[in-house]
Amino acid sequence: MAFKYVEVVSLAKIELIDVWYKDILKGINLRVNEGVVALVGPNGAGKTTILKVMVKALKPDRGSVVIPEKVGSSWQNPYYSFTKPTVLEEFLEYLGSVEEVEEFLGSYGLKHLLNRYTFKLSVGQARLVSILLAVVWGPEALVIDEPTNGLSLRERYAVSRLLRSIKIPVVMASHDLDFILMTSDYVYVVNDGHIVCEGNTLDVFYSDVLQHIGFPEPEVVRVGKELGLRLRSVDEVKS
Ligand SMILES: Nc1ncnc2c1ncn2[C@@H]1O[C@H](COP(=O)(O)OP(=O)(O)OP(=O)(O)O)[C@@H](O)[C@H]1O
Ligand SMILES: [Mg+2]
């Protein structure tokens, strides 16, 4: 079967059906309706390639892809999102006035970044601004590659809160198990171009699938198991 972008309205916001790309993606099946969904897997597994398919930067060789028209993105290097000298100018591209930009940034606790030069932002600040720029564009879904690279603990919490507050589906690729645990509702485990496991974040983390592909057990899961605890829902971890 050749590759096609599906035009019909799908129940899922994003759906990849038996997607193949070179020898990198080998029959990927994935559905995202809502919430924050994580792709986790070792280096070279194909996570970034999947995200690139979702923004139409790569065209698969085979399979079907359902994606909304507007998919926002933030890539591993957040500075690639910037085209203007200052944060204010970046947001004025999308919002009508300085006051609106101020209010928008203020609602995420980032008003103090208004007049900063984008190239002088810290990695964490740049990551937050890059994600907000993708959001303010008004996309129907968001993809984010490695959102916690180079971030402090405080910035990781800020990014986690931000992703959880966004009202559109978010797909992120990450190695950061603790971050995934506090941020994602659902996880796809990617290994060697295949989805080897999928499920609610806690179900996947409490299974041993991640250890089979070389990840250490997250501390909170290890301690939980030692105590004989089985967390009931992801909300308990988030709160
Ligand atoms: N443009 C490209 N042309 C050919 N091969 C590529 C290209 N981009 C990536 N690859 C290869 O595809 C495989 C998957 O890469 P990808 O970047 O999707 O992995 P990843 O899971 O995101 O890894 P990481 O965790 O290191 O970011 C790797 O073997 C990589 O070398
Ligand atoms: Mg990658």
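Once that is clear, we can look at the site of ligand 1. Residues in contact with ligand 1, as listed here, are Ile24, Gly41, Asn43, Gly44, Ala45, Gly46, Lys47, Thr48, Thr49 and Ala173. Per-element accounting of the shell around ligand 1 gives the leading share, three residues, to helix α1 (residues 47-54). When its residues are assigned to classes, the shell around ligand 1 shows three nonpolar, six polar and one charged.

Turning next to the sheet that holds strand β10 (residues 194-200). Across the sheet, which stays open at both edges, the six strands sit in the order β6-β7-β8-β4-β9-β10 with mixed pairing between neighbours. Where the open sheet ends on each side, the last strands, each with one partner, are β6 (71-74) and β10. The sheet shows a mean angle of 20° between the axes of neighbouring strands, direction not considered. Strands in contact with helix α4 (residues 123-136) are β6 and β7 (141-145); relative to β6, the strand with the most contacts, it is inclined by about 170°.

Let us now look at the confidence of the model for the chain. With 93% of its residues at a pLDDT of 70 or more, the chain has an overall mean of 90. Under a pLDDT of 50 for its full length, residues 234-239 has, in the predicted model, nine contacts with residues more than four places off or in other chains.

So, on to unusual backbone geometry. Phi is positive for Lys22, which is not a glycine, with a value near 45°. Tracing the backbone through its elements, the reader meets Lys22 in the loop between β2 (14-21) and β3 (25-32). Residue class for Lys22 comes out exposed when judged on the 11 C-beta atoms lying within 10 Å of it.

Relative to each other, α4 and helix α5 (residues 153-165) sit at 10°, their axes nearing to 10 Å. Between α4 and α5, the crossing angle belongs to the class labelled roughly parallel. Across the interface between the two elements, Gly124, Arg127, Leu128 and Ile131 of α4 pack against Glu155, Ala158, Val159 and Leu162 of α5. Considered class by class, the residues forming the contact of α4 with α5 number five nonpolar, one polar and two charged.

This part covers the environment of Lys84. With respect to the element layout, Lys84 can be found in the loop between β6 and α2 (87-92). What makes Lys84 partly exposed here is the crowd of 14 C-beta atoms within 10 Å. Linking Lys84 and Asp203, residues 119 residues apart in sequence, is a C-alpha distance of 43 Å. Not counting residues up to four positions away in its chain, the partners in contact with Lys84 are Glu89, Glu90 and Thr118.

All right, on to the pairing of β3 then. In this sheet, β3 lies alongside β2 in antiparallel orientation, the contact comprising six bridges. Bridging from a neighbouring strand, Val19 pairs with Ile28 of β3. Connecting β2 to the antiparallel partner β3 that follows it, the hairpin turn spans three residues, and Lys22 within it adopts a positive phi of roughly 45°.

Quick look at the nonpolar core now. One finds Met54 and Val171 to be the most contacted residues of the largest nonpolar core, which totals 61 residues. In terms of residue count, α4 provides more of this core than any other element does, eight residues in total.

Bringing the sheet that holds β3 into the picture now. Strand order in this open sheet of four strands is β1-β5-β2-β3, and the pairing throughout is mixed. Strand pairing shows two members of the sheet lacking a second neighbour, β1 (3-5) and β3, which therefore form its edges. Here the strands of the sheet are splayed against their neighbours by 10° on average, with no regard to which way each runs. Packed onto the sheet, α1 meets β2, β3 and β5 (62-66) and runs at close to 120° relative to β2.

Moving on, we get to the pairing of β6. Neither face of β6 is open: one carries Val71 and Ser73, the other Gly72 and Ser74, and all of them are buried. For β6 and β7, the ladder comprises four bridges, and the chain directions are parallel. Each bridged residue has a counterpart across the sheet, and for Ser73 the counterpart in β7 is Val143.

Reading the values: rules and limits
Residues numbered from 1 in each chain as written. Chains lettered and ligands numbered in written order. Predicted model: local features only at pLDDT ≥ 70, side-chain atom pairs only at ≥ 80, totals over all residues. Near = placed C-beta within 6 Å. Helix = DSSP H or I, 4+ residues; strand = E, 2+ residues; numbered from the N terminus. Nonpolar A, V, L, I, M, F, W, Y, C, P; charged D, E, K, R; others polar. Pairing = 2+ DSSP bridges. Axes fitted to C-alpha atoms, helices over the stretch in contact; angles between N-to-C directions. Contact = placed C-beta atoms within 7 Å. pLDDT = per-residue confidence, 0-100. Buried ≥ 20, exposed ≤ 12 C-beta atoms within 10 Å, placed from the backbone. Parallel < 35°, antiparallel > 145°, perpendicular 65-115°, else oblique. Core = buried A, V, L, I, M, F, W, Y, C linked by C-beta atoms within 7 Å.

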